[in-house]
Amino acid sequence: MKLTLQQIANGEEEIVLRYRKMTPEISRLIARMNQETMTLFGKYEEEQYCISPGEIYYFESVDERLFAYTKTHALQMAMTLVEAENLLSESGFFRCNKSMVLNVDRVIAVKSEMGNRINATLDNGEHVMISRHYARAFRELLQRGGRNDA
């Protein structure tokens, strides 16, 4: 694939993607660009915050409420865990247990645990456990380069 970059002095920035056939690689690139322009809204201490999906380490469902964990906040989201999973699955988010959706781009190390579980270390030092139910799909996802191919 050829990449051409051109700096402009003024005018609107534009990305043009030319392809003969839609491939999984091109689909992942499009999903990544959409993720960068997507804005999610979460609530923290009665204030609304705008965040991009890339800022989120993981979503967790606690007492029927969904929280998005970033470097500095745990934001309450106005969606369900299933909605977050469906919205962001093509952008590197993965359902890792019954109450959590993980941003795979934030994983820096993995370690197999007893019971076919996986201990994933995030770039902020936190550890997230991938349950045995999701472990096989997670390993396959890592082999594909960290992207869900729908």
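Check the entry above for the structure.
So, how was this worked out
Residues numbered from 1 in each chain as written. Predicted model: local features only at pLDDT ≥ 70, side-chain atom pairs only at ≥ 80, totals over all residues. Heavy atoms only, no water. Phe/Tyr/Trp six-rings, centres within 6.5 Å; stacked < 30°, edge-to-face > 60°. Helix = DSSP H or I, 4+ residues; strand = E, 2+ residues; numbered from the N terminus. Buried < 20%, exposed > 50% of the residue type's maximum accessible area, 1.4 Å probe, protein only. Salt bridge = Lys/Arg side-chain N within 4 Å of Asp/Glu carboxyl O.

**Student:** Quick question: what am I supposed to make of the packing of aromatic side chains here?
**Tutor:** The geometry of an aromatic ring pair is captured by two quantities: the separation of the ring centres and the angle between the planes. With the rule as written, the count across this model stands at five aromatic pairs. Note on Phe59 and Phe93: the rings are 5.8 Å apart at their centroids and 50° apart in plane angle, and the pair reads as tilted. Linking Phe59 in strand β3 (residues 58–62) with Phe93 in strand β6 (residues 93–97), this pair joins segments that are 34 residues apart in sequence. Both residues of the pair, Phe59 and Phe93, count as buried. Measuring from ring centre to ring centre gives 5.4 Å for Phe94 and Phe138, while their planes differ by 50°; the resulting arrangement is tilted. Here Phe138 lies in helix α3 (residues 132–143) and Phe94 lies in strand β6, a separation of 44 residues in the sequence. No difference in accessibility class separates Phe94 from Phe138, as the two residues are buried. One aromatic cluster is present, built from ring pairs that chain together Phe94, Tyr134 and Phe138.

**Student:** How do you make sense of the pattern of salt bridges when you look at a structure like this?
**Tutor:** Pairing of side chains with opposite charge becomes possible as their charged atoms draw close. In total, this model carries four salt bridges according to the counting rule given. Lys43 is the partner of Glu46 in a salt bridge, and the nearest nitrogen-oxygen pair spans 3.7 Å. Glu46 sits in the exposed class, given a relative accessible area of 69%. Given the relative accessible area of 37%, Lys43 is considered partly exposed. In this structure, Glu140 and Arg136 form a salt bridge, with 3.8 Å as the shortest nitrogen-oxygen distance. In this pair, Glu140 and Arg136 both sit in helix α3, four residues apart, roughly one turn of the helix.

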